[in-house]
Amino acid sequence: MSDTIDIAINPLSAHTGAEILNVDLSRPVDAPLRQKLNDAFIKHTVLAIRGQKLDPHQFLAAAKLFGTIFPQHNSRFSVPECPEIHYISNQDTFEDGKVYIPGEGYHTDHSNDAQPPKATVLHAVKLPKTGGDTQFVNMYEAYDALSQAMKARIDNLQAVHVYQSSLSTRKLMALKDETKTKATTEVIHPLVRTHPISGRKAIYINPIRIERLIGLEREETSALLDELLEHSTQDRFQYRHKWHEGDMVIWDNRCLMHKANGDYPVSEVRYLYRLMLKGGTPA
């Protein structure tokens with residue numbers, strides 16, 4: 001597909017998100033259009049590429065326009081015909097039978113990896129009639145709005161990330177045997193990270209993964225993380241994405257948190273393909 005086609009890039013909020021129209025990612029994409037899409041991704045941090053109808057292999061090829069595939073943690077969610085792709089579905093349950101809503105609670109994906117994924121990509125295959133929005137918070141904007149005193153307090157702090165923090169109230173799905181070592185591995189990332197392309201600073205917290213802040217007691221860690229979470233999730237930093245069937249949405253984990261909403265009948269299927277893209281070491 002040539003970039004001579006008049007694609008539209010329409011902002012979806014004052015600070016986060018843009019929809020892309022007049023692009024068919026089931027067809028080959030040339031270098032100029034690929035660059036245009038990647039530039040829009042860095043600028044808007046969330047792209048909703050509308051009206052796609054992609055089989056798993058087409059979705060894999062479309063995601064690769066933005067980077068290299070990051071191996072996902074839990075192989076139980078692999079799509080059989082293309083195992084690199086995982087699915088998100090409200091039809092899965094925990095071991096105790098409770099319905100599993102993937103992505104509940106604000107977080108950034110796989111921050112317990114030494115080089116967390118730079119981006120997550122979803123493709124909406126089947127959606128409930130209402131609900132199931134994904135909420136994003138712009139951690140650039142949240143950092144910029146901090147007081148100078150708070151910036152000075154957190155700029156040089158480092159956080160220990162694990163698969164599931166003992167501070168987290170959200171329960172994660174158990175890992176299979178071959179990936180259980182990820183559940184006990186600790187990695188250290190800065191609490192404030194600088195985006196490698198934009199150069200902007202962002203708060204880098206993950207309520208599900210951060211176990212402790214180096215140099216702080218547990219109570220102080222918990223209080224500071226709660227304060228930063230409350231600050232960051234204010235409405236003024238949010239963009240709430242209302243899904244359309246066929247949306248392919250990509251977002252930047254380096255400067256956003258996100259959460260899924262389970263506010264729809266369990267009887268209505270919500271099914272999306274999911275991929276992540278390799279990133280670098282947070283700095």
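Residues numbered from 1 in each chain as written. Predicted model: local features only at pLDDT ≥ 70, side-chain atom pairs only at ≥ 80, totals over all residues. Heavy atoms only, no water.

Enquirer: Tell me what's going on with the pattern of salt bridges, and back it up with residues and numbers.
Expert: Per the stated rule, a full pass over the model turns up 13 salt bridges. Here Asp247 ties to Arg50 by a salt bridge, and the two come within 2.8 Å at their closest N and O atoms. Note that Asp247 is positioned in the loop between strand E13 (238-241) and strand E14 (248-252) and Arg50 in the loop between strand E3 (46-49) and helix H2 (56-63), a separation of 197 residues in sequence. Here Asp247 matches Arg50 in class, with each residue buried. With its nearest N and O atoms 2.8 Å apart, the salt bridge here joins Arg200 to Asp144. Linking Arg200 in the loop between strand E10 (192-194) and strand E11 (201-203) with Asp144 in helix H3 (residues 139-144), this pair joins segments that are 56 residues apart in sequence. A relative accessible area of 41% means that Asp144 is categorised as partly exposed. Overlapping salt bridges bring together Asp133, Arg240, Lys242 and Asp263 as one network. (Salt bridge = Lys/Arg side-chain N within 4 Å of Asp/Glu carboxyl O. Helix = DSSP H or I, 4+ residues; strand = E, 2+ residues; numbered from the N terminus. Buried < 20%, exposed > 50% of the residue type's maximum accessible area, 1.4 Å probe, protein only.)

Enquirer: Can you lay out the sheet that holds E13 for me, pointing to particular residues and giving the numbers?
Expert: In a beta sheet, neighbouring strands pair by backbone hydrogen bonds and run either parallel or antiparallel. Pairing within the open sheet is antiparallel, and its three strands lie in the order E13-E7-E15. Because the sheet does not close on itself, it has two edges, and the strands there are E13 and strand E15 (256-260). Strand after strand, the sheet turns through a mean of 20 degrees between neighbouring axes, direction not considered. Sheet analysis places strand E7 (residues 134-138) next to E13, joined by four bridges and oriented antiparallel. In the strand pairing of E13, Gln135 is matched with Arg240. (Pairing = 2+ DSSP bridges. Axes fitted to C-alpha atoms, helices over the stretch in contact; angles between N-to-C directions.)

Enquirer: If you had to explain unusual backbone geometry to someone new, which residues and values would you point to?
Expert: Unusually for a residue other than glycine, Asn22 sits at a positive phi of about 70 degrees. A positive phi angle, close to 65 degrees, is found at Thr45, a residue other than glycine. Note on placement: Thr45 falls in the loop between helix H1 (31-44) and E3.

Enquirer: Residues and numbers for the nonpolar core, please.
Expert: With 38 residues, the main nonpolar core has Ile154, Leu191, Ile203, Ile205, Leu213, Leu224 and Leu228 as its most contacted residues. Of all the elements, H3 adds the most residues to this core, at four residues. Those residues in contact with Leu228 that lie beyond four places of it in its chain are Leu146, Met150, Ile154, Leu191, Ile203 and Ile205. Ile7, Phe41, Ile250 and Leu277 belong to the second largest nonpolar core, which has 33 residues in total. (Core = buried A, V, L, I, M, F, W, Y, C linked by side-chain atoms within 4.5 Å. Contact = heavy atoms within 4.5 Å.)

Enquirer: Before we move on, can you summarise the environment of Ile9 with the specific residues and values?
Expert: Looking at the element boundaries, Ile9 is found in strand E1 (residues 8-11). The spatial distance from the C-alpha of Ile9 to the C-alpha of Ile20 is 4.9 Å, given a sequence separation of 11 residues. When neighbours within four sequence positions are excluded, Ile9 is seen to be in contact with Ala18, Glu19, Ile20, Lys36, Ala40 and His44.

Enquirer: Please give an account of the sheet that holds strand E5 (residues 82-89) that cites residues and values.
Expert: If you walk across this open sheet you meet the eight strands as E1-E2-E3-E14-E6-E16-E5-E4, and the pairing is mixed. At either end of the open sheet lies a strand with only one pairing partner, and these are E1 and strand E4 (78-79). Where E1 and strand E2 (residues 18-21) come together, four bridges link them in antiparallel fashion. Bridged to Pro11 within E2 is Ala18.

Enquirer: Could you give an account of the environment of Gln58, with specific residues and numbers?
Expert: Position of Gln58 relative to the elements: it lies in helix H2. The spacing of Gln58 and Ser26 is 32 residues in sequence and 5.8 Å in space, taken between C-alpha atoms. Excluding anything up to four places from it in sequence, Gln58 contacts Ser26 and Lys53.

None of this, on its own, says anything about what the molecule does.
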